[in-house]
Amino acid sequence: LKARSTSRAMRSFSFVALPAAVAALVHPASHLARAGRRAVVPSAVNLEEDAGGLKYVALTHPSGASAKVFLYGADVTSYVDADGTEWIAVRPDAKMDGSKPISGGLSHCFPQFGPGEIQQHGFARNVDWAIADMGETSATFELTPNKYTREIWDKPFACQFKVALGPSSLDTTLTVVNTGRGESFDFQAALHSYLDVSSIGAVKIAGSFEGSSYLDKMADPPATCTEARKEITIAEEYDRVYMGVNDPVLKDSGKKKLLKIVNSEGYADTVLWNPYGNDAMGYEKFVCVESVKYDPVPLAAGETWSGVMSLVPEPL
């Protein structure tokens, strides 16, 4: 079904306090499966507001690392490591008022990646998520069905997204559960990760790319090719799906640092995207190195899937 035009207010979710949020994910009959009940803001939550009116939580670690996560899309729009280096980008043309998904951050693509039967990249990035749990160094966000999501994709699901700051990494876990009693469903999931770079020309992307197959979506028609390079450099518009590659490492000679994108569970593939030459999008200052489960995941009633991704900066 196609989504109807609707206001952001109608797409919003209430804030909810879930003291046993993680345990509840594996029990579909729990409160996670009971959509629609009235909820309250946990007393410990201190929300801040961006200039555009969107609410966010600010996480800090004793090491000096910090992160910023918007409730709109559960989007991590900043990760500053203990040395003060920013690793996440937001495009200069991003709308920060809830009128469209945030063009930047670790943007969620669920339950669909790219175009398909429903709207581009699904709906998880353009709804408010609830706060399930929060501390100084971590926060967990929750997404369950409402009227808006059911009109697009009427499936019994619950998602939780945990963001945790460590002394030397930013750790994320997306958990999807089928809360139904008998119906299975298929889904795709991705973190459309915008990574901050000193300049696109200073970047190389290493990993197990050499010899891998990739779908070049910029070709007309899109073509499956074999990668000959050990390290990827970008000097043209890029939109490539590398199937079976999930160990990318961003090397930035300008920052004199590298960033490991550690996909330890769930995410099997990598997408590289950059709108090379598009100054309005700020192509020079970011590259998307996306953690993706491209092949649809079949999830039976009561089953759970997790995607675990960490950003780990190191000296180059």
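Preceding this paragraph is the structure being described.
Heads up: these notes are all about the structure in this document. (Residues numbered from 1 in each chain as written. Predicted model: local features only at pLDDT ≥ 70, side-chain atom pairs only at ≥ 80, totals over all residues. Heavy atoms only, no water.)

1. Overview of the pairing of strand β5 (residues 106-109)
What counts here: Classification of residues uses two cut-offs on accessible area relative to the type maximum, computed with a 1.4 Å probe and protein chains only: under 20% is buried, over 50% is exposed, and between them is partly exposed. Elements are defined by DSSP. Helices are runs of H or I of four residues or more, strands are runs of E of two residues or more, and each kind is numbered from the N terminus. In short, DSSP must find at least two bridges between two strands for them to pair.
Residues Leu-106 and His-108 of β5 are buried on one face, and the alternating residues Ser-107 and Cys-109, pointing to the opposite face, are buried as well. Pairing of β5 with strand β10 (residues 185-196) involves four bridges; the strand directions are antiparallel. Across the sheet, residue Ser-107 finds its bridge partner in β10, namely His-192.

2. Topic: the sheet that holds strand β11 (residues 203-206)
Pairing between sheet strands relies on hydrogen bonds along the backbone, with the strands arranged either parallel or antiparallel. The line we're drawing: Each axis is a line fitted through C-alpha atoms, and for a helix only the stretch in contact is used; angles between axes span 0 to 180 degrees, taken between their N-to-C directions.
On the basis of which strands lie adjacent, the open sheet formed by eight strands has the order β6-β7-β8-β9-β19-β16-β15-β11 and antiparallel pairing. Each of the sheet's edge strands pairs with one partner strand only, and the pair in question is β6 (130-134) and β11. If you compare each strand with its neighbour and ignore which way they point, the axes differ by 15° on average. By the bridge criterion, eight bridges tie strand β16 (residues 257-265) to strand β19 (residues 304-315) in an arrangement that is antiparallel. Each residue of the ladder has a partner; that of Leu-258, found in β19, is Glu-314.

3. Quick word on unusual backbone geometry
Each neighbour pair has its own omega, and for Phe-110 with Pro-111 the value is 0°, a cis peptide bond. Checked against the element boundaries, Pro-111 lands in the loop between β5 and β6. With an omega dihedral of 0°, the bond running from Asp-220 to Pro-221 counts as a cis peptide bond. With respect to the secondary-structure elements, Pro-221 resides in the loop between β12 (213-216) and β13 (223-226). The backbone phi angle of Ala-74 is positive, close to 45°, even though this residue is not glycine. Along the chain, the position of Ala-74 falls in the loop between β3 (66-70) and β4 (75-80). Backbone geometry places Lys-256, a non-glycine residue, at a positive phi of 60°. With respect to the helices, strands and loops of the structure, Lys-256 is situated in the loop between β15 (249-252) and β16.

4. Description of the packing of aromatic side chains
What counts is decided by this rule: Note on aromatic pairs: the rings of Phe, Tyr and Trp (six-membered ring only in Trp) are paired at centre separations within 6.5 Å, and the planes decide the class, stacked below 30 degrees, edge-to-face beyond 60, tilted for the rest. Any Lys NZ or Arg CZ found within 6 Å of a ring centre and within 35 degrees of that ring's normal is scored as a charge over the ring.
Considering all chains together, one arrives at 19 aromatic pairs under this definition. Measuring from ring centre to ring centre gives 5.8 Å for Phe-123 and Phe-157, while their planes differ by 40°; the resulting arrangement is tilted. Taken together, the positions of Phe-123 in the loop between β5 and β6 and Phe-157 in strand β8 (residues 157-165) put the pair 34 residues apart, joining distant regions of the chain. Like Phe-157, Phe-123 is buried. A network of ring pairs unites the aromatic residues Phe-110, Phe-123, Trp-153, Phe-157, Phe-185, Phe-187, Tyr-267 and Trp-305 as a single cluster. Directly above the ring of Tyr-56 sits Lys-68, whose terminal nitrogen or CZ lies 4.3 Å from the centroid. The ring centre of Tyr-238 lies 4.1 Å from the NZ or CZ of Arg-240, which sits over that ring.

5. Details of the environment of Ala-223
Spelled out, the test is: Residue contacts are defined here by distance: any two heavy atoms, one from each residue, within 4.5 Å place the two residues in contact.
Position of Ala-223 among the secondary structure elements: in strand β13. Taking the C-alpha atoms as reference, Ala-223 lies 9.8 Å from Arg-240; in sequence the two are 17 residues apart. Excluding residues that lie within four positions of it along the chain, Ala-223 makes contacts with Tyr-214, Leu-215 and Asp-216.

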